[in-house]
Amino acid sequence: MNFRLCIPILLTALTAFTACGSGASKNADTPGGGSLPLPGGGSSGTLVLAADLNGRYVQSIRIEDGDFSANSGGQEVTLSFAADGMANVKQFEFRLSINPVNAIDFAGSAFAATQPFLQPPPAGIEQMDDGQWRIAGAIFGDSKEGDSRLGMLTLKTADGLDAQNEVQIRVTFFSVGPSFSDRDDYTADDLNMGVTINQR
């Protein structure tokens, strides 16, 4: 399933929010809609919860502070994504790397976009061929302006995890804009964003 192809279909019919796919998803290594250098540039080495983008469509994004801890398998850890200074936004996409990848139960996890954004069914998450997770949202009507939460990712920890296990969730790619072909793209080095479950 390819979210980048799903979103234009979403904007024409809600029922088309299902099976779509080919190889046209935006490549984080070769962005096609406008990769932007960030002020100060580059990764500082330590993941942070927010990034100042100062882009055409979003001024900043963040993961809202929360309790990023789990002491057993089957627990839920929630990441809430938000954006400030949105202008003419109808679509967004995040890609996430999870290390170790088997520490989170993909089938038991889910992403819910914040209205008026809608997420692809059934659970709003796609697992890509390289193991990364993709979450996304799109709007049918008027574009989103201003400050708003984008959505909530609920992660279910896998069996065998305990409080001694650290799990890193890193944002490796973020794309936002008014359409399929008009987006600003940001890479992992641009953003340097993420959380560590059970960080010591």
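What follows deals with the overall build of the protein. Looking only at helices and strands, the protein features two helices and 11 strands. Across the 200 residues that make up the protein, the buried fraction comes to 46%. Carbon and sulfur atoms make up 47% of the accessible area of the protein, which amounts to about 8,800 Å² in all.

The next thing to look at is the sheet that holds strand β5 (residues 104–113). Spatially, β1-β2-β3-β8-β5 is the arrangement adopted by the five strands of the open sheet, whose pairing is antiparallel. For this open sheet the edge positions go to β1 (50–52) and β5, each flanked by a neighbour on one side alone. Strand-to-strand twist of the sheet, defined as the mean angle between neighbouring strand axes without regard to direction, takes the value 15°.

Ile61, Leu79, Phe81, Ile169 and Phe174 are the most contacted members of the largest nonpolar core, which has 41 residues in total. Put simply, the parts of the chain that give this core at least two residues each are β2 (60–63), β3 (76–89), β4 (91–99), β5, β7 (133–138), β8 (144–157), β9 (167–177) and β11 (194–197). Looking at this core, the element that brings in the most residues is β3, giving six residues. Here Ile169 is in contact with Leu47, Leu79, Leu96, Ser97, Ile98, Ile104, Leu155, Met193, Gly194, Val195 and Ile197, once residues within four sequence places are set aside.

Glancing now at the packing of aromatic side chains. Inspection of every chain in the model, using the stated rule, returns seven aromatic pairs. Their ring planes at 80° and their centres at 5.0 Å tell us that Phe92 and Phe117 sit as a pair that is edge-to-face. Here Phe117 lies in the loop between β5 and β6 (125–127) and Phe92 lies in strand β4, a separation of 25 residues in the sequence. Residue class for Phe92 comes out buried when judged on its relative accessible area of 0%. Ring geometry for Phe106 against Trp133: centres 5.0 Å apart, planes inclined by 85°, an arrangement best described as edge-to-face. A residue pair is termed long-range when its members are at least 10 positions apart, and Phe106 in strand β5 and Trp133 in strand β7 qualify at 27 residues. Residue class for Trp133 comes out buried when judged on its relative accessible area of 1%.

As a further point, take the environment of Ile125. Along the chain, the position of Ile125 falls in strand β6. Along the chain, Ile125 and Arg95 lie 30 residues apart, while their C-alpha atoms are 9.8 Å from each other.

Here the focus is the pairing of β8. Where a strand is regular, its side chains alternate between the two sheet faces. Bridge count for β3 against β8 is 10 bridges, and the pairing is antiparallel. Bridge pairing links Val77 to Leu155 in β8. Bridge count for β5 against β8 is six bridges, and the pairing is antiparallel. Bridged to Ala112 within β8 is Met152.

A few words on the confidence of the model for the protein. Here the protein averages 84 in pLDDT, while 78% of its residues score no lower than 70. Within the model, pLDDT remains below 50 along residues 5–44, and this stretch shows 90 contacts once partners closer than five positions in the same chain are excluded.

For the bond from Asn99 to Pro100, the omega torsion is 0°, close enough to zero to count as cis. Mapped onto the elements, Pro100 comes out in the loop between β4 and β5. With an omega of 0°, the peptide bond between Pro121 and Pro122 qualifies as cis. Mapped onto the secondary structure, Pro122 falls in the loop between β5 and β6. The phi torsion at Asn192 lies on the positive side, around 55°, for a residue other than glycine.

Turning to the pairing of β3, a few remarks are in order. Summarising the sheet, β2 and β3 pair through four bridges and their orientation is antiparallel. In the sheet register, Arg62 faces β3, and the bridge partner there is Ala82.

In the structure shown here, the tally under the stated rule is 10 salt bridges. Glu64 is the partner of Arg62 in a salt bridge, and the nearest nitrogen-oxygen pair spans 3.6 Å. Since its relative accessible area comes to 27%, Arg62 is described here as partly exposed. What makes Glu64 partly exposed here is its relative accessible area of 24%. Two residues, Arg134 and Glu93, come together in a salt bridge whose shortest N-O distance is 3.0 Å. Here Glu93 lies in strand β4 and Arg134 lies in strand β7, a separation of 41 residues in the sequence. When its relative accessible area of 3% is taken as the criterion, Arg134 is described as buried. Within the structure, one salt-bridge network assembled from shared partners comprises Glu93, Arg95, Glu126, Arg134 and Arg183.

What counts as what
- Residues numbered from 1 in each chain as written.
- Predicted model: local features only at pLDDT ≥ 70, side-chain atom pairs only at ≥ 80, totals over all residues.
- Heavy atoms only, no water.
- Helix = DSSP H or I, 4+ residues; strand = E, 2+ residues; numbered from the N terminus.
- Buried < 20%, exposed > 50% of the residue type's maximum accessible area, 1.4 Å probe, protein only.
- Areas by Shrake-Rupley, 256 points an atom, 1.4 Å probe, with all protein chains shown as cover.
- Pairing = 2+ DSSP bridges.
- Axes fitted to C-alpha atoms, helices over the stretch in contact; angles between N-to-C directions.
- Core = buried A, V, L, I, M, F, W, Y, C linked by side-chain atoms within 4.5 Å.
- Contact = heavy atoms within 4.5 Å.
- Phe/Tyr/Trp six-rings, centres within 6.5 Å; stacked < 30°, edge-to-face > 60°.
- pLDDT = per-residue confidence, 0-100.
- Salt bridge = Lys/Arg side-chain N within 4 Å of Asp/Glu carboxyl O.

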